[in-house]
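The residues making up each chain are set out below.
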Amino acid sequence: MSPRPFLSSLLGATLALGCGAPPESGTALGLELRLSQSVASAVGAFQVVVLREGRERRCADLQRACVQQQVKSDELVVIQGPDGKKGRALRFSAALSSGGTQELGADIPVGRDYVVIIEALSRDNPPRFLGSSCNYLESVSATRNEPLIAAPITLTAVECDPTIAP
């Protein structure tokens, strides 16, 4: 599938920070993705990464290619998935509902000035980078957090393996 029809069909993503009792290492980040059913078959997974010093980074630059080609691994914030696994990137298999939505979750450390990147990955092996969403997150507190509305995923015709080592 060429990136052009995919680009026009991708609707976007919505992020919402969790509330309630925070985990010791961070605060829950709820993630709801919405896609057009016409492109759902091309997406095999979503990869979520978080970087510190968000305001010093340009989202337009980060969306041009795989994050792992643009930043050093020690710049990636260690986050935790709902299954308890920790890593510099969380990968979620695409399992969209009939309405084209999918819920994901992660715990991120309490802090300030983050950028959250959601990469759409192909079903290929190794996966190909299909595009990404880049979102500034001013702060994550140990108490209640306001929802973050994610930018639409921007598709990019770049050949790269987005795999990030644990």
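Structure: see above.
### Considerations on the layout of surface pockets
Here the idea is plain: a probe the size of a water molecule rolls over the atoms and shows the empty space left. Looking at the largest pocket, its volume works out to about 280 Å³. Lining the largest pocket we find 16 residues, and of these K85, G87, A89, L90 and R91 sit closest to its centre. Taken together, the residues of the lining of the largest pocket break down into seven nonpolar, four polar and five charged.

### Brief notes about the state of the cysteines
One pass over the full model with this rule turns up two disulfides. Between the sulfur of C66 and that of C160 lies a disulfide, 1.9 Å long from S to S. The chirality of the disulfide connecting C66 with C160 is right-handed, given an S-S dihedral of about 95°. A residue pair is termed long-range when its members are at least 10 positions apart, and C66 in the loop between α3 (59–62) and β4 (79–80) and C160 in the segment after β10 (154–155) qualify at 94 residues. The exposure class assigned to C160 is buried, which follows from its relative accessible area of 8%. When the bonded cysteines of the protein chain are numbered from the N-terminus onward, they pair as 1-3, 2-4.

The rules behind the values
Residues numbered from 1 in each chain as written. Predicted model: local features only at pLDDT ≥ 70, side-chain atom pairs only at ≥ 80, totals over all residues. Heavy atoms only, no water. 1 Å grid on protein atoms, 1.4 Å probe; cavity = no way out; pocket = protein on both sides within 12 Å on 5 of 7 lines; lining within 4 Å. Points joined across faces, edges and corners; volume = space filled by probe spheres on them. Nonpolar A, V, L, I, M, F, W, Y, C, P; charged D, E, K, R; others polar. Disulfide = S-S within 2.5 Å. Helix = DSSP H or I, 4+ residues; strand = E, 2+ residues; numbered from the N terminus. Buried < 20%, exposed > 50% of the residue type's maximum accessible area, 1.4 Å probe, protein only.

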